[in-house]
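Structural features, examined
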Amino acid sequence: MQTLIIIDRPPYGSWSGRESLDMAFSLAAFDQPVSLLFVGEGVLWLNKGQDATGIAQKSVERNLKAAAMFGIESLMADQSACQRFSLTGQTLIDGVETVENLRATLRRYDHVVFPG
Amino acid sequence: MQTLIIIDRPPYGSWSGRESLDMAFSLAAFDQPVSLLFVGEGVLWLNKGQDATGIAQKSVERNLKAAAMFGIESLMADQSACQRFSLTGQTLIDGVETVENLRATLRRYDHVVFPG
Amino acid sequence: MSQESCHFTLVITGAPYSSQAPQTALGFAWAVVASGHAIDRVFLYGEGVHLASALSCPPSDETNWTSAWGEFLEQHSVPGIACIASALRRGLIDPAEQQRHELPASNLAAPFSIAGLGEWVEGVMQSSRVIYFHGGD
Amino acid sequence: MSQESCHFTLVITGAPYSSQAPQTALGFAWAVVASGHAIDRVFLYGEGVHLASALSCPPSDETNWTSAWGEFLEQHSVPGIACIASALRRGLIDPAEQQRHELPASNLAAPFSIAGLGEWVEGVMQSSRVIYFHGGD
Amino acid sequence: MHTLHIVSKSPEHPRFRECLAMVDTNDAVLLTGNGVVALADTSIEVPSPLYGLKDDIQARALTPDSAQCQVIGFDDMVALTIQAQRVISW
Amino acid sequence: MHTLHIVSKSPEHPRFRECLAMVDTNDAVLLTGNGVVALADTSIEVPSPLYGLKDDIQARALTPDSAQCQVIGFDDMVALTIQAQRVISW
């Protein structure tokens, strides 16, 4: 069962993206194949240099950087959304693969999960 | 203090519209001037013939019909949204005034409230 | 369509009195068992954990979704599990967590229980279908 | 800008651990009093009532928004009021409501109280400003 | 049917547009909750085949064209989720 | 200033577009929470004058052009709400 978890809401304003990450890390902890795809405003989770101390939250940037180490197969981002938010090689956190054809990407997974 | 309460989310899928109505009825109960404005998908609250028993909710159509009796000054609906959802004289509940210029309408109120 | 019995895991992420998710999921759940299929578990995640609150007290002419779901779960011996991380943040507490965190009360309604995301992972691994019920806002 | 002291009513409609509303509102509230102005009341409406839950138990490295708000309200003697209709539906209960509805527990955190929308109406009538803090989703 | 897309968001929600862009040939869409608002929205083009949950349509007093949308109950919804190779809830 | 519009919704939320359509001359817009996402969104045109809450901008690692947006703290936010004749929270 290949799982794809899609994050489409921007960071910090709600907890759904954060809780989707927990789902991904959980599957990986049980050795289940899982990838993350960031689309729309969700790509801002991948922006380098996040500092959420001012809003009394924890940045998830470190967790995302360690995704591969925790067994998450791939971190993908919608290329057109990255362009829209000026996310390039320099500003995008390392290890993210940009994808052009979302439809073809979705087709590769048996189980696709959105946050609530 | 002239209050305008704006409902922009569709009916039944969330409670925010319902709780905005409660706010309007509350102000009216305390003899405070209040009007309701439905915009975007929110105009569907004004569709005639709602029957929410199948989803185990109460239709608010009856409450809206009695709005004037409860002291709510006016029920207004964004005309372009009514057109978009094919709400006409026949399908729109009685006593609703359609407005063309939302900006001018908003300008008339000291206190404008959106649902959460 | 397969004639074999299908096993479902249902995941509810929307709260009652804020979304339709618990209501749509319950209609679906009754239809699953009526069609001769089975539900392995119902997993409450994110805002969905509020469905398991024993203190929810809607007006008497509105449905109490906690009771309605509790009835279904008991009648069909289906485990209803609230994700522990979602539950603790949102103030949904069983007696064990009340004691561990020295809280003044607990509020988990029977027959719901609290457990980790591993319960959801098990659903992903073992159920024939995992169906998600999200809020609409 | 007016040099006179301004009186605010704050309305919070977003829940903690699901929206930023309680955090933004608290930053604003501290700044109001630091600038020499006053807060008449804080009114919790809709999902915002979850802020008053005594059972909310986030991980120890996350802010407990109920405690953080409780501290502010006590230090500045500001009433924090959860709307009764929103609260009962969502399982936020004080001892009086526990007794009236024969519920197994209550979970309202001090110094919050539960009251009707009339408290909000009073804010609309008497405060110089009513500021709403909504969730972002 | 390959994928059954269950949409509980209304057309103005970004998730709704994301879904429409992902619907493939051999897929079907089922509107539930706020999703049924799409049936009254003349500003959008709905995909085909399209199903809508009866209780949600009645609640909102919508009258979809039967050529455009098949109105179904929960038993049909269960059958569709079994028939589909994959179900995505938006 | 006539109206201060406080926007906590991101640009893809319908409320954000509704707000932009209502901003009048002599109004100002303050972005908070998810609203600050607008500062990175090259697909939209933001109104002027525009303020953004510093903590929210830093959390998301955004670097708005100072000509486009004035980055402020809560004390400034309080001052703006008093200065405005009317405040609308979107």
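Residues numbered from 1 in each chain as written. Chains lettered and ligands numbered in written order. Predicted model: local features only at pLDDT ≥ 70, side-chain atom pairs only at ≥ 80, totals over all residues. Heavy atoms only, no water.

As a further point, take the overall build of chain E. Helix and strand counts for chain E come out as three helices and five strands. Ordered by position from the N terminus, the helices and strands of chain E form the series β-α-β-β-α-β-α-β. Relative to its length of 90 residues, chain E is compact, with a C-alpha radius of gyration of 12 Å against a globular reference of 12 Å. The principal-axis extent of the C-alpha atoms belonging to chain E is close to 30 × 25 × 20 Å. Taking all 90 residues of chain E together, the buried fraction comes to 68%. The contacts in chain E between residues at least 6 apart in sequence include a share of 53% that link residues at least 24 apart. Taken as a whole, chain E presents about 3000 Å² of accessible surface, with 44% of it coming from carbon and sulfur. (Helix = DSSP H or I, 4+ residues; strand = E, 2+ residues; numbered from the N terminus. Rg over C-alpha atoms; globule rule 2.2 N^0.38 Å. Buried < 20%, exposed > 50% of the residue type's maximum accessible area, 1.4 Å probe, protein only. Contact = heavy atoms within 4.5 Å. Areas by Shrake-Rupley, 256 points an atom, 1.4 Å probe, with all protein chains shown as cover.)

One finds Leu-37 of chain A, Ile-5, Leu-36, Phe-38 and Leu-64 of chain B, Trp-120 of chain D together with Leu-31 of chain E to be the most contacted residues of the largest nonpolar core, which totals 73 residues. Beyond its immediate chain neighbours, meaning those up to four positions away, Leu-36 of chain B contacts Leu-4, Ile-5, Ile-7, Leu-21, Ala-24, Leu-64, Ile-72, Ser-74, Leu-75 and Met-76 of chain B. In terms of nonpolar packing, the next biggest core, distinct from the first, is built from 69 residues, Leu-64 and Ala-81 of chain A, Phe-43 of chain C together with Leu-62 of chain F among them. (Core = buried A, V, L, I, M, F, W, Y, C linked by side-chain atoms within 4.5 Å.)

What follows is about the state of the cysteines. All chains considered together, the criterion is met by zero disulfides over all chains. For the unlinked cysteine Cys-57 of chain C, the closest cysteine sulfur is that of Cys-83 of chain D, found at 14 Å. On the accessibility criterion, Cys-57 of chain C (12% relative accessible area) is buried. With no disulfide of its own, Cys-69 of chain E lies closest to Cys-19 of chain E among cysteine sulfurs, the gap being 14 Å. (Disulfide = S-S within 2.5 Å.)

Much of the literature gives interface size as the accessible area that the parts lose upon coming together. Facing 23 residues of chain D, the contacting portion of chain C comprises 23 residues. Summing both partners gives a buried area of about 2000 Å² for chain D against chain C, and 60% of it is carried by carbon and sulfur. The largest per-residue losses of area from chain D upon contact with chain C belong to Leu-55, Cys-57 and Arg-89 of chain D, which jointly make up 36% of the total buried on that side. Our count for the chain D to chain C interface comes out at two salt bridges. The salt bridge partner of Glu-62 of chain D is Arg-89 of chain C, with a shortest N-O separation of 2.7 Å. Along the contact surface separating chain D from chain C lie 11 residue pairs in polar contact (both at pLDDT 80 or more). Taken together, the residues that form the side of chain D that touches chain C break down as 11 nonpolar, eight polar and four charged. (Buried area = accessible area lost by both parts, 1.4 Å probe. Salt bridge = Lys/Arg side-chain N within 4 Å of Asp/Glu carboxyl O. Polar contact = N/O pair within 3.5 Å; in protein donor to acceptor, adjacent residues only side chain to side chain. Nonpolar A, V, L, I, M, F, W, Y, C, P; charged D, E, K, R; others polar.)

Take the 12 pairs of chains in contact: the one carrying the most contacts is chains C and D. Chain A shows no contact with chain B. Their nearest C-alpha atoms sit 13 Å apart. As for chain E relative to chain D, no contact occurs, and the smallest C-alpha gap between them is 10 Å.

This brings us to the packing of helix H1 (residues 21-34) of chain C against helix H2 (residues 65-75) of chain C. Residue and element names in this part refer to chain C. Direction vectors running N to C along H1 and H2 enclose 20°, while the axes themselves pass 11 Å from each other. Between H1 and H2, the interaxial angle falls into the category roughly parallel. In the packing of H1 onto H2, the handedness of the crossing is left-handed. For the pair H1 and H2, contact is made by Pro-22, Gln-23, Ala-25, Leu-26, Ala-29, Trp-30 and Val-33 and by Trp-65, Ala-68, Trp-69, Phe-72 and Gln-75, respectively. (Axes fitted to C-alpha atoms, helices over the stretch in contact; angles between N-to-C directions. Parallel < 35°, antiparallel > 145°, perpendicular 65-115°, else oblique. Left-handed = near helix turned anticlockwise from the far one by under 90°.)

Our focus in this paragraph is the sheet that holds strand S2 (residues 34-38) of chain A. All names here are of chain A. The strand order across the open sheet formed by five strands is S4-S3-S2-S1-S5, and the pairing between neighbours is parallel. The open sheet has two free edges, formed respectively by strand S4 (96-99) and strand S5 (111-113), since each of these has just one partner strand. Strand-to-strand, the axes of this sheet are offset by a mean angle of 25°, without reference to chain direction. Helix H1 (residues 16-29) rests against strand S1 (3-7), S2 and S5 of the sheet, and its axis sits at about 160° to S1. (Pairing = 2+ DSSP bridges.)

Before going further, it helps to spend a moment on the pattern of salt bridges. For the structure shown, the criterion picks out 36 salt bridges over all chains. A salt bridge links Arg-84 of chain A to Asp-41 of chain F, with the shortest nitrogen-to-oxygen separation between them at 2.8 Å. Here Arg-84 of chain A, found in helix H3 (residues 79-84), pairs with Asp-41 of chain F, found in the loop between strand S2 (28-31) and strand S3 (50-53), and the two come from separate chains. Arg-41 of chain C is paired through a salt bridge with Glu-119 of chain C; the nearest N and O atoms lie 3.4 Å apart. With a gap of 78 residues between them, Arg-41 of chain C in strand S2 (residues 38-44) and Glu-119 of chain C in helix H5 (residues 118-126) connect regions that are remote in the sequence. According to the relative accessible area criterion, Arg-41 of chain C is buried, its value standing at 6%. Judged by relative accessible area, which is 26%, Glu-119 of chain C ranks as partly exposed. A cluster of three or more residues bridged by salt bridges with shared partners is formed by Arg-9, Glu-41 and Arg-84 of chain A, Asp-137 of chain D together with Glu-12 and Asp-41 of chain F.

This brings us to the packing of aromatic side chains. All names here are of chain D. Counted under the stated rule, the structure contains 18 aromatic pairs over all chains. Seen in terms of ring centroids, Phe-8 and Phe-28 are 5.5 Å apart; in terms of plane orientation they differ by 85°. Their pairing is edge-to-face. One end of the pair, Phe-8, is in strand S1 (residues 7-12); the other, Phe-28, is in helix H1 (residues 21-34), and 20 residues separate them in sequence. Owing to a relative accessible area of 0%, Phe-8 belongs among the buried residues under this scheme. (Phe/Tyr/Trp six-rings, centres within 6.5 Å; stacked < 30°, edge-to-face > 60°.)

All names here are of chain D. Relative to the elements of secondary structure, Pro-111 occurs in the loop between helix H4 (95-100) and strand S4 (112-115). Residues Pro-111 and Ala-52, spaced 59 residues apart in sequence, show a C-alpha to C-alpha distance of 8.7 Å. In this view, Pro-111 contacts Gly-70, Leu-73, Glu-74 and Gly-80; residues no more than four positions away in its chain are not counted.

Bringing H5 of chain C into the picture now. When we look at burial in H5 of chain C, the residues that qualify are Trp-120, Val-121, Gly-123 and Val-124 of chain C. Buried residues of H5 of chain C fall within an arc of 155° about the axis and therefore sit on the same side. In this structure, the buried side of H5 of chain C is in contact with S1, H1 and S5 of chain A together with strand S1 (7-12), S2 and strand S5 (129-133) of chain C. (Arc of directions from axis to C-beta.)

We now examine the relation of the copies chain D and chain C. At an RMSD of 0.0 Å, chain D and chain C line up after a rotation of 180° and a shift of 0.0 Å along the axis. Such a turn and shift between the copies fits a two-fold axis. Among all C-alpha atoms of chain D, that of Ala-105 of chain D lies closest to the rotation axis, at 3.3 Å. An overlap of 100% is found between the interface residues of chain D and their copies at the interface of chain C, pointing to a shared contact surface. (Least-squares fit on C-alpha atoms with pLDDT ≥ 70 in both.)

When two helices pack together, their arrangement is given by the angle between the helix axes and the distance between those axes. Look at H1 of chain C against helix H3 (residues 74-83) of chain E: their axes get within 8 Å of each other, and the N-to-C directions meet at 80°. Considered as vectors, H1 of chain C and H3 of chain E are oriented roughly perpendicular to each other. Within the contact between the two elements, H1 of chain C uses Gln-23, Thr-24, Gly-27, Phe-28, Ala-31 and Val-32 of chain C and H3 of chain E uses Phe-74, Asp-75, Met-77, Val-78 and Thr-81 of chain E. Partitioning the contact of H1 of chain C with H3 of chain E into residue classes produces six nonpolar, four polar and one charged.

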